[in-house]
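# Geometric and topological summary
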Amino acid sequence: MNILQQGIDCVINFAAQSHVDNSFGNSIAFTRNNVLGTHNLLECCRVFGKIQKFVHVSTDEVYGEVDSSQHENGTLNPTNPYAATKAAAEFIAKSYAISFGMPIVITRGNNVYGPYQYPEKVIPRFIWLLHQNKKVTIQGSGDNSRTFIHAFDVARAFERILENGELFEIYNIGTRDEHSVKDIATRLLAIMKPGEALDDWIEWIPDRQFNDERYDIVTQKLNEIGWEKELDFDDGLKQVVEWYVNVAFKSNDPFW
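Residues numbered from 1 in each chain as written. Predicted model: local features only at pLDDT ≥ 70, side-chain atom pairs only at ≥ 80, totals over all residues. Heavy atoms only, no water.

Turning our attention to the packing of aromatic side chains. Counted by the stated rule, this structure contains nine aromatic pairs. Ring pairs connect the aromatic residues Tyr116, Trp128, Trp243, Tyr244 and Phe249, which therefore count as one cluster. Directly above the aromatic system of Phe100 lies the positively charged group of Arg46, at a separation of 5.0 Å from the ring centroid. If you follow Lys221 out to its NZ or CZ, it ends over the ring of Tyr171, 5.3 Å from the centre. (Phe/Tyr/Trp six-rings, centres within 6.5 Å; stacked < 30°, edge-to-face > 60°. Lys NZ or Arg CZ within 6 Å of the ring centre and 35° of its normal.)

Below you can see the structure in the form of structure tokens.
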């Protein structure tokens, strides 16, 4: 509450436990952080009473495994503990919009990649392993796909939503850059170890208990308020590799 009293008029709630694998072994922590944490923040903002826009950041995973592209009015069907907590937090946010008239906007985004990302995520993890001349670890068949968006384009999307997003609306944030985990490994190997055989650099490990095949979202509503993706995926991937190799791995950061 003290922070809100420093002249805050807008809140973007990014805070969450977000590593899906961890939610299978420690799901209570995800409920505590993602659901109760969101509820606490909403209540503080309600009591404060001066917030003009509260943007709650959710995920495309709330739609669950899909065969077709999902619009914002699609049914929520989360299939893992992480996604379930994000869906629950959305419903609490919606209830505050309806019950208290709080100026809520909800976003549902694709997998983000970019500099400074924690090494638990697939792209920085693969970059780190290849940089150490170690094999990348792929769960299951590696055919499960995810759609990726660079942090630069995500930041632009939130800027647009803050400026032009309508209150009480939901906006998907994403791209058409859908790639399997195996394809990500292939692309990174071509950048970091050109000419090497992919099979020599993969360690196949058991899949997690349940792993959605794919997610897919439509971003028409976001496009209509002036946002378009700018950064090409292959260019973004090369930039991220360069950043980790030349900046992160040469730092004293304990993650590396």
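Here helix H4 (residues 122-131) crosses helix H8 (residues 233-246) at 55°, and the two axes come no closer than 10 Å. In terms of axis orientation, H4 runs oblique to H8. The hand of the H4/H8 crossing is right-handed. Mapping the contact onto sequence places Ile123, Pro124, Ile127 and His131 in H4 and Leu237, Val240, Val241, Tyr244 and Val245 in H8. Of the residues that constitute the contact of H4 with H8, the class distribution is eight nonpolar, one polar and no charged. (Axes fitted to C-alpha atoms, helices over the stretch in contact; angles between N-to-C directions. Helix = DSSP H or I, 4+ residues; strand = E, 2+ residues; numbered from the N terminus. Parallel < 35°, antiparallel > 145°, perpendicular 65-115°, else oblique. Left-handed = near helix turned anticlockwise from the far one by under 90°. Contact = heavy atoms within 4.5 Å. Nonpolar A, V, L, I, M, F, W, Y, C, P; charged D, E, K, R; others polar.)

Taken in spatial order, the three strands of this open sheet run S4-S6-S8, and their pairing is mixed. A strand with exactly one partner marks an edge of an open sheet, and here the two such strands are strand S4 (111-113) and strand S8 (178-180). Taken over all neighbouring pairs, the strand axes of this sheet differ in orientation by 50° on average, direction set aside. In this sheet, strand S6 (residues 145-150) lies alongside S4 in parallel orientation, the contact comprising three bridges. Of the residues in S6, the one forming a bridge with Val112 is Ile149. Along the sheet, helix H6 (residues 181-192) contacts S6 and S8; its crossing angle with S8, the most-contacted strand, is approximately 90°. Where H8 meets the sheet, its contacts fall on S4, S6 and S8, and the angle it forms with S4 comes to roughly 50°. (Pairing = 2+ DSSP bridges.)

This brings us to the pairing of strand S1 (residues 10-13). Judged by which residues are buried, S1 turns out to be one-sided: Val11 and Asn13 face inward and are buried, whereas Cys10 and Ile12, on the alternate face, are not. The pairing of S1 with strand S2 (residues 53-59) spans four bridges and is parallel. Within S2, the position partnered with Val11 by the bridge is Phe54. (Buried < 20%, exposed > 50% of the residue type's maximum accessible area, 1.4 Å probe, protein only.)

Here we take up the nonpolar core. Counting 25 residues, the largest nonpolar core has Ile123, Ile127, Val136 and Leu188 as the members making the most contacts within it. Those elements that place two or more of their residues in this core are H4, strand S5 (136-139), H6 and H8. Looking at which element gives the most residues to this core, the answer is H8, with six residues. Counting 16 residues, the second largest nonpolar core, distinct from the first, contains Leu4, Val11, Ile51 and Met102. (Core = buried A, V, L, I, M, F, W, Y, C linked by side-chain atoms within 4.5 Å.)

When charged atoms on two side chains of opposite charge get close, those side chains can pair. Counted under the stated rule, the structure contains 13 salt bridges. Here Glu230 makes a salt bridge to Arg156, at a shortest N to O gap of 3.3 Å. One end of the pair, Glu230, is in the loop between helix H7 (220-224) and H8; the other, Arg156, is in helix H5 (residues 151-164), with 74 residues separating them in the sequence. Here Glu230 falls in the exposed class, since its relative accessible area comes to 55%. One salt bridge in this structure joins Lys221 and Glu169, with 2.6 Å as the shortest N-O distance. In this pair, Lys221 is assigned in helix H7 and Glu169 in the loop between H5 and strand S7 (170-173), connecting sequence segments 52 residues apart. (Salt bridge = Lys/Arg side-chain N within 4 Å of Asp/Glu carboxyl O.)

Turning to the packing of H6 against H8, a few remarks are in order. Contact geometry for H6 and H8: axes closest at 11 Å, N-to-C directions at 60°. Classified by the angle between their axes, H6 and H8 sit oblique to one another. At the point where H6 passes H8, the crossing takes the right-handed sense. When H6 is examined against H8, the residues Ile184, Arg187, Leu188, Ile191 and Met192 are found in contact with a partner set consisting of Phe233, Asp234, Leu237, Lys238, Val241 and Val245. Class assignment of the residues belonging to the contact of H6 with H8 gives a composition of eight nonpolar, no polar and three charged.

Turning next to H8. The end-to-end C-alpha distance of H8, which contains 14 residues, comes to 20 Å, matching closely the 20 Å that a straight helix rising 1.5 Å per residue would cover. For H8, the complete set of buried residues consists of Phe233, Gly236, Leu237, Val240, Val241, Trp243 and Tyr244. All buried residues of H8 project into a common sector of 165° when viewed along the axis, lining one side. As for H8, its buried residues are in contact with S4, H4, S6, S8 and H6. Put simply, Asp232 is the residue that caps the front of H8, since its side-chain oxygen is 3.1 Å from the backbone nitrogen of Asp234. (Expected span 1.5 Å × (residues − 1). Arc of directions from axis to C-beta. Polar contact = N/O pair within 3.5 Å; in protein donor to acceptor, adjacent residues only side chain to side chain.)

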